[in-house]
Amino acid sequence: MAGIYIHIPFCRQACHYCNFHFATSLRYKNEMVAALLKETGDRQDYIQDEEVETIYFGGGTPSLLPAEDISIQAELFRKLFTIAADAEWTLEANPDDITEEKLLQWKAAGINRLSIGVQSFFEEDLAWMNRAHTASQAIHNLQLAREHFDNISIDLIYGTPQMTASKWESNIEKAISLQIPHLSCYALTVEPKTPLFKMIEEHRSPNTDPEKQSEQFMVLMQSLEAAGYEHYEISNFAKPGFRSRHNSSYWQGKKYLGIGPSAHSYDGTSRQWNVANNSRYIDAVNIGIIAYEKEELTPTQKINEQIMISLRTMEGIALDKFDESSRNQLKTVSRKFIENGLLLETNNSLVLTNEGKLLADGIAASMFF
């Protein structure tokens, strides 16, 4: 089984915290859509005729495109690839793009899952982030989306400088009350070269507080567990049956094809990523070239990646997937984390405790070979 990701590199406006690749001008939208279709055709052999079980329209903001463009791309996928009958088709959308007409058009194109970038249900937070939608739009259009789609995810951000404990609790309660079956929740990260980085550097905004972020993460885990959500990956929570199959395939090390500028691909032995420049991407595709960089993974890199991505999941690191020498090394290194209450060894797997999830990256790095 394999997955396909397609990067739509357009946004209505730039969020202050975002460091993904996008452009706020749609001037070359038609040229980009044509290039995406051409790259899809040029790279249909990348996943070697494996059945495709997940397709993900990400970005950027795919919901900015006319629904017809989504439909044309979806039809090309069906023509060129073997798509599983029960495949998961996800579209990322912003609340301000959602209308009943678009919802029906997306559904007709084959989309069966929406990932909606809410981030917060408070107006002042959305203004500070420079989001294009309002809190009332988010609530109204989530309710509208629920009328047409059962499988919906929303993004929420915690640990912003102005996010109080009570506001964060209110955001969680609102998501639960709206009966959203999947939540992706991220601590605000200050990335270099973003407007937020500059705002903090120039003292126009306070910096993030790691202690406050940790406290809000603990509240998040406790609240969603009590509401019946599985904490199946560090940043992801789902009601039973509503895990993101596409993102889960990344954590399971499955192959995937990435289409579009900055999109990543993985064939089981190497990773490659397309150029993160719209004009260079379009020009290259038009002359039959895919402008990308590539990394061949060593056996050690593959083991370390398996440790990193497995530890982030609720199933943890399955020790029986490693040879005896590697198992012994992992058990030895993990002993101090088990003694400190950060890891559990259960069912022949190493699993993070809630306290360990606060230190997931550091614990994983210490276990690398």
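For the structure, check the block above.
This one's a predicted model, so the numbers in the text were calculated from it and none came from an experiment.

Participant: What is the right way to read unusual backbone geometry from this model?
Facilitator: Where the residue is not glycine, phi is negative for most of them; where a peptide bond is considered, it is trans in most cases. A cis amide bond, omega 20 degrees, links Gly59 with the succeeding residue Gly60. Residue placement: Gly60 occurs in the loop between β2 (52-59) and α2 (67-80). Positive phi, close to 65 degrees, is recorded for Asn130, a residue that is not glycine. On the secondary structure map, Asn130 appears in the loop between α4 (123-129) and α5 (135-146). Accessibility expressed as a relative area gives 26% for Asn130, which makes it partly exposed. For Asn348, which is not glycine, the phi dihedral falls at a positive 60 degrees.

Participant: Even after reading the chapter, I still don't get the packing of aromatic side chains, so can you show me in this structure?
Facilitator: Aromatic ring pairs are reported here in terms of the distance separating the ring centres and the angle at which the planes meet. Scanning the entire structure with this criterion turns up 8 aromatic pairs. Between Tyr5 and Tyr56 the ring centres are 6.0 Å apart and the planes differ by 25 degrees, which places this aromatic pair in the stacked class. Here Tyr5, found in strand β1 (residues 2-8), pairs with Tyr56, found in strand β2; they are 51 residues apart in sequence, far enough to count as distant. Just as Tyr5 is buried, Tyr56 falls in that class too. Each member of the aromatic cluster is reached from another via a ring pair, and the members are Phe57, Phe77 and Phe81. Between the NZ or CZ atom of Arg78 and the centre of the ring of Trp89, over which it lies, the distance is 4.5 Å. Between Arg271 and the ring centre of Tyr266, over which it is positioned, the NZ or CZ distance is 4.2 Å.

Participant: Quick question: what am I supposed to make of the side chain of Ser115 here?
Facilitator: Tracing the chain through its elements places Ser115 in strand β4 (residues 113-119). If sequence neighbours within four positions are ignored, Ser115 has contacts with Tyr56, Thr90, Leu91, Glu92, Ala93, Ser153 and Asp155.

Participant: Looking at this structure, how should I read the state of the cysteines?
Facilitator: Simply put, the disulfide is a covalent bond whose two ends are the sulfur atoms of two cysteines. Summed over the entire model, instances satisfying the criterion amount to 0 disulfides. Left unpaired, Cys11 is separated from the closest cysteine sulfur, that of Cys18, by 6.3 Å. Look at Cys11 and you get buried, because its relative accessible area is 13%.

Participant: Before we go on, may I ask you to explain the sheet that holds strand β13 (residues 317-318) in this structure?
Facilitator: Read from one edge of the open sheet, 3 strands run β13-β15-β14, paired in antiparallel fashion. Since the sheet does not close on itself, it has two edges, and those belong to β13 and β14 (343-346), each with one partner. Pairing between β13 and strand β15 (residues 349-352): 2 bridges, direction antiparallel. When the bridges of β15 are listed, Ala318 appears paired with Ser349. On top of the sheet, helix α12 (residues 324-339) reaches β13, β14 and β15; it is set at about 125 degrees to β14, its chief contact.

Participant: Just to check I follow, could you spell out the layout of surface pockets for this structure?
Facilitator: When its volume is computed, the second largest pocket comes out at roughly 420 Å³. Lining the second largest pocket are 20 residues; nearest its centre among them are Trp251, Gln252, Gly253, Ile309 and Ser310. When contributions to the lining of the second largest pocket are tallied by element, the ones reaching two or more residues are α9 (245-251), α11 (299-311) and β13. Partitioning the lining of the second largest pocket into residue classes produces 7 nonpolar, 7 polar and 6 charged.

Rules and cut-offs
Residues numbered from 1 in each chain as written. Predicted model: local features only at pLDDT ≥ 70, side-chain atom pairs only at ≥ 80, totals over all residues. Heavy atoms only, no water. Helix = DSSP H or I, 4+ residues; strand = E, 2+ residues; numbered from the N terminus. Buried < 20%, exposed > 50% of the residue type's maximum accessible area, 1.4 Å probe, protein only. Phe/Tyr/Trp six-rings, centres within 6.5 Å; stacked < 30°, edge-to-face > 60°. Lys NZ or Arg CZ within 6 Å of the ring centre and 35° of its normal. Contact = heavy atoms within 4.5 Å. Disulfide = S-S within 2.5 Å. Pairing = 2+ DSSP bridges. Axes fitted to C-alpha atoms, helices over the stretch in contact; angles between N-to-C directions. 1 Å grid on protein atoms, 1.4 Å probe; cavity = no way out; pocket = protein on both sides within 12 Å on 5 of 7 lines; lining within 4 Å. Points joined across faces, edges and corners; volume = space filled by probe spheres on them. Nonpolar A, V, L, I, M, F, W, Y, C, P; charged D, E, K, R; others polar.

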